[in-house]
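# Examination of the molecular architecture
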Amino acid sequence: MAQAIAFYFIAACILGFAVLVVTTRDTVHSVLFLVLDFLFVAALYVLLGAQFLAAIQVLVYAGGIVVLYLFVVMLVNLKRPPEAHEDPHRRTKLGFGLAAAVLLELGAIAVYGSVNPAAPMPATPAIPVSGNTEQVGWLLYTSYLIPFEIASMLLLVAMIGAIVLAKREL
Amino acid sequence: MPAGISTSDFYYILPELVLTAGALVVLIADVLLPKDRRAALSWVTLIALGATLASLAPFASTRVEIAHGLIAVDRFALFFKILFLVAAAITVLMSVRYLEVEGASPGEYYFLILCATLGMMIMAGGIDLVTIFIGLETMAVSFYILAGFIKPSQRSNEAAVKYFLLGAFSLGILLYGMSLMYGLSGTTNLRVMATRFAGQEQNPLLVLAVILVVAGVGFKIAAVPFHMWAPDVYEGAPTPITAFLSVGSKAASFAMLLRIFVEGLPAMSGDWRLLFYVLSIVTMTVGNFAAVTQSNLKRMLAYSSIAHAGYVLIGVVAGTARGVTATLIYLLVYSFMQLGAFAVIVLLRREDVVGDELKDFSGLHVRNPFAAFAMLLFMLSLGGIPPTAGFMGKFWLFSSAIDAGYYWLAVIGVLNSAVSLYYYVRVVVFMYLKKETIGSEPKATPALAVTLAIAVAATLILGVYPRLLFEVAEASARTLGMVPITTALR
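About the cut-offs
Residue indices follow the written sequence of each chain, beginning from 1 at its first position. Throughout, the order in which chains and ligands are written sets their labels, letters from A for the former and numbers from 1 for the latter. Thresholds applied to this predicted model are a pLDDT of at least 70 for local features of residues and 80 or more for the giving and counting of side-chain atom pairs; totals over whole chains, interfaces and linings are not thresholded and use all residues. Remark: hydrogens and water are excluded; side-chain values derive from all non-hydrogen atoms of the structure. One number per residue, pLDDT, summarises how confident the predictor is, and it ranges from 0 to 100. Contacts are assigned to residue pairs that have any heavy atoms within 4.5 Å of one another. Secondary structure is summarised from DSSP: a helix means a run of H or I of at least four residues, a strand means a run of E of at least two, and numbering begins at the N terminus for each. Helix span, expected: 1.5 Å multiplied by one less than the number of residues in the helix. Note on classification: 1.4 Å probe, protein chains only; a residue is buried when its accessible area is under 20% of the maximum for its type, exposed when over 50%, partly exposed between these limits. Note that the domain bounds were set by an automatic or database domain assignment. Classification of ring pairs uses Phe, Tyr and Trp, with its six-membered ring standing for Trp, and accepts pairs whose centres are within 6.5 Å; under 30 degrees between planes counts as stacked, over 60 as edge-to-face, and the remaining range as tilted. By definition here, charges over rings are those cases where NZ of Lys or CZ of Arg is within 6 Å of the ring centre and within 35 degrees of the ring normal. Any Lys or Arg side-chain nitrogen found within 4 Å of a carboxyl oxygen on Asp or Glu counts as a salt bridge. Side-chain atoms alone can form a polar contact between residues adjacent in sequence; in general such a contact is a pair of N or O atoms within 3.5 Å, and within protein one must be able to donate a hydrogen while the other accepts it. By buried area we mean the combined loss of accessible area, with a 1.4 Å probe, across both parts when two parts are placed together. Angles shown run from 0 to 180 degrees and are taken between the N-to-C directions of axes, each axis being a line fitted to C-alpha atoms and, for helices, limited to the stretch in contact. The handedness criterion is simple: a crossing whose near helix is rotated anticlockwise from the far helix by less than a right angle is left-handed, and one whose near helix is rotated clockwise is right-handed. Here the nonpolar group is Ala, Val, Leu, Ile, Met, Phe, Trp, Tyr, Cys and Pro; Asp, Glu, Lys and Arg are the charged ones; every other residue, Gly included, is treated as polar.

In the predicted model, chain B carries a mean pLDDT of 89, and the fraction of residues at 70 or more is 97%. Below a pLDDT of 50 lies the segment residues 482-490 of chain B, which in the model reaches 21 contacts outside its immediate sequence neighbourhood of four places, other chains included.

Taking 1.5 Å per residue as the helical rise, helix α4 (residues 92-115) of chain A with its 24 residues ought to reach 34 Å, and the 35 Å between its terminal C-alpha atoms agrees with that figure. Burial of α4(A) is sparse: only 0 of the 24 residues sit out of reach of the surface.

What follows is about the environment of L275(B). Residues and elements named next belong to chain B. When you line up the elements, L275 lands in helix α12 (residues 269-292). Using a relative accessible area of 29% as the deciding quantity, one classes L275 as partly exposed. Spatially, the C-alpha atom of L275 lies 7.7 Å from that of V214, the residues being 61 residues apart in sequence. Those residues in contact with L275, other than ones at most four positions away along the chain, are V210, I211 and V214.

Segmenting chain A into domains produces domain 1 (1-78) and domain 2 (131-170). Computed from C-alpha coordinates alone, the two centres of domain 1 of chain A and domain 2 of chain A are separated by 22 Å.

Attention now moves to the packing of aromatic side chains. With the rule as written, the count across this model stands at 30 aromatic pairs over all chains. Seen in terms of ring centroids, F17(A) and F33(A) are 6.0 Å apart; in terms of plane orientation they differ by 25°. Their pairing is stacked. Of this pair, F17(A) sits in helix α1 (residues 2-23) while F33(A) is found in helix α2 (residues 27-47), placing the two residues 16 residues apart along the sequence. Three or more aromatic residues link up through ring pairs in this structure, and these residues are Y144(B), Y163(B), F164(B), W229(B) and Y234(B). The cationic tip of K434(B) hangs over the ring face of F430(B); the distance from NZ or CZ to the ring centre is 4.6 Å.

Right, let's talk about the pattern of salt bridges for a bit. All names here are of chain B. The final tally for this structure, using the stated rule, is 16 salt bridges over all chains. In this structure, the salt-bridge partner of E235 is R155, at a minimum N-O distance of 2.7 Å. Pair noted here: E235 is in helix α10 (residues 229-236) and R155 is in helix α7 (residues 154-185), with a separation of 80 residues, a long-range link. With a closest N to O distance of 2.8 Å, E263 and R259 form a salt bridge. Linking E263 with R259, this pair stays in helix α11 (residues 239-264), spanning 4 residues, or about one helical turn. Of the two residues examined, E263 and R259, each falls in the buried class. One network of salt bridges, in which partners are shared, links R155, E158, K162, D232, E235, R299 and D356.

Residues and elements named next belong to chain A. Its 21 residues place the ends of α2 30 Å apart at the C-alpha level, agreeing with the 30 Å of an ideal helix rising 1.5 Å per residue. Three or more residues of α2 are buried, namely V28, S30, V31, L34, D37, F38, V41, A42 and L44. Summarising the contacts, the buried residues of α2 are in contact with α1 and α3 (51-76). At the N-terminal boundary of α2, the capping side chain belongs to D26, with an oxygen 3.0 Å from the backbone nitrogen of V28. Trailing α2 by a residue or two, G49 shows a phi angle of about 80°, which is positive.

With that settled, consider the interface of chain B and chain A. Opposite the 33 residues of chain B that make contact, chain A presents 23 residues. A buried area of about 2,500 Å², summed over both sides, lies between chain B and chain A, and 82% of it is on carbon and sulfur atoms. The tally of links from chain B across to chain A stands at 0 salt bridges. At the junction of chain B with chain A, the criterion picks out 2 residue pairs in polar contact (both at pLDDT 80 or more). Those elements that provide at least two residues to the side of chain B that touches chain A are α2 (14-32), α5 (106-125) and α6 (129-147) of chain B.

Here the focus is the packing of helix α14 (residues 321-348) of chain B against helix α19 (residues 446-464) of chain B. If you want to describe how two helices pack, look at the angle between their axes and the distance between the axes. Residues and elements named next belong to chain B. Two elements in contact, α14 and α19, have axes whose closest approach is 9 Å; the angle formed by their N-to-C orientations is 150°. Once α14 is placed against α19, the crossing between them reads as left-handed. Contacts between α14 and α19 pair L332, V333, F336, M337, G340, A343, V344, V346 and L347 from the former with L448, T451, L452, I454, A455, A458, T459 and L462 from the latter. Along the lines of polarity and charge, the residues of the contact of α14 with α19 split into 14 nonpolar, 3 polar and no charged.

This is the structure we're talking about:
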């Protein structure tokens, strides 16, 4: 039951952010919504018990690829719509207020932690023999070795293609 | 713990390994060779393709599943692999002069052609959604770049962007369908899937999956209403690439289509047959009627290629062993005549003439009788006039439809062929009856002459003596999806 609720919530968020990615007029906002979208996809992977994929999703997609997107967006310097320059909805005070609240909370935690030292951690359970990462590794390098190798050719093609398109003179 | 991969698996993918090695050699040779010796790369590419073709020989009657049921090595795959390699070789022969005229560098170009061929071979052999998809991607990414290879040309750029965007979109749809298939069966292996789907005909999700996969594949074979990209891409891409795209990519997509639907979804044959029935009729009709109004020959051949996808779908709809045989025969026959027609357009490309407008063909009979005769033959063959191969191909397609009880499909196919004759014959009229000529003398280089000779010979021989092709195609069609499942269920 809880899992179903979590799934539908995450799925709705993924869809909602995906719609926002294509409907937002500001390119930078659009890319940032894409980051959120990828993060929720990662959450979906966690829900499915695929923590390794979730970590990869965050590292590669949300971390690596979208940062590249942002670079591209800023390099080509797309003109923002004029209203974006003077945002009437900017709430500087609210931002400072929220930041202050977070700071306060952090301070409270630090003070509380120094007053009541944490109880010793229970012994960590033995690491399962076949973890998530290991399973993915086993599948990739045994059963799916051939598609894995073809994927490396695919990446080579994409790399050569990028060079061909970017090279000034052929 | 899953079992590893055995050495014998690598033996069975020998042709793919040879081709990959060839592609890498081309890439390295491009750097090592001095600039004025780069023309030799076409030879390296041809040798790589030839070596791959030769390495297919030990598998002439093999019929196994390798790598835990990811790839099948059977005669069905073999048929398509030979088709791809021959088409790629003809494309390379066509490209030599074209690249010189356009001033493009050959290294990456030939590398990408070899990689596209590799992707196609994987697609034809794949009996698992994972393998099929990776092969499809390898082919598609290569073609996205090849379509935009002539960078100074705006039309080439437009073609690349359009093809990339619509291709990515269609892949998304295809993947959605595939993910539903995986979700419903719990396996990506098409043959295991077929056993799990038995008795699930009424499942609405499965029907949705079938519709999505049909739409995704429809994009790839350029069936109406998923054909919008084809005319612009075919017109804008470099002519040899247009030829390879309209032959190789189409044939590979049909191989994928047959694998997915005949092997993976026999339970749903009622649904996909109906969908392809409608698609076939619409594709033939729209393709032919749109082709009538074109004055650019590459665009006209694009619409004609759409119409031909409609004809080939007739064999898929029939779905019988005979239908699949007819599909294979027609794809091979179509390859030769389509590649030949594009070779003539490449021949007309000179420093001063683009050579793809209908008026560029006027008076060709006087200036280059051999090219004009070859074009005449290709046009008649595409129109389906005996004694050319196109006639035999259509004959088998329509008879397989009648055999399976689809009389109306055959009737509409014949009517469409009659319409198509109008625009094919118009080219012949321009070549033989118009007098005014444009630009310098169109001369064939040795490579182009060989290309035309091969295409002419194939079109004539397969038209007059089709028996051999029929037997080979029939034996290939028989191996589709009838291998007992030997690997453990995953």
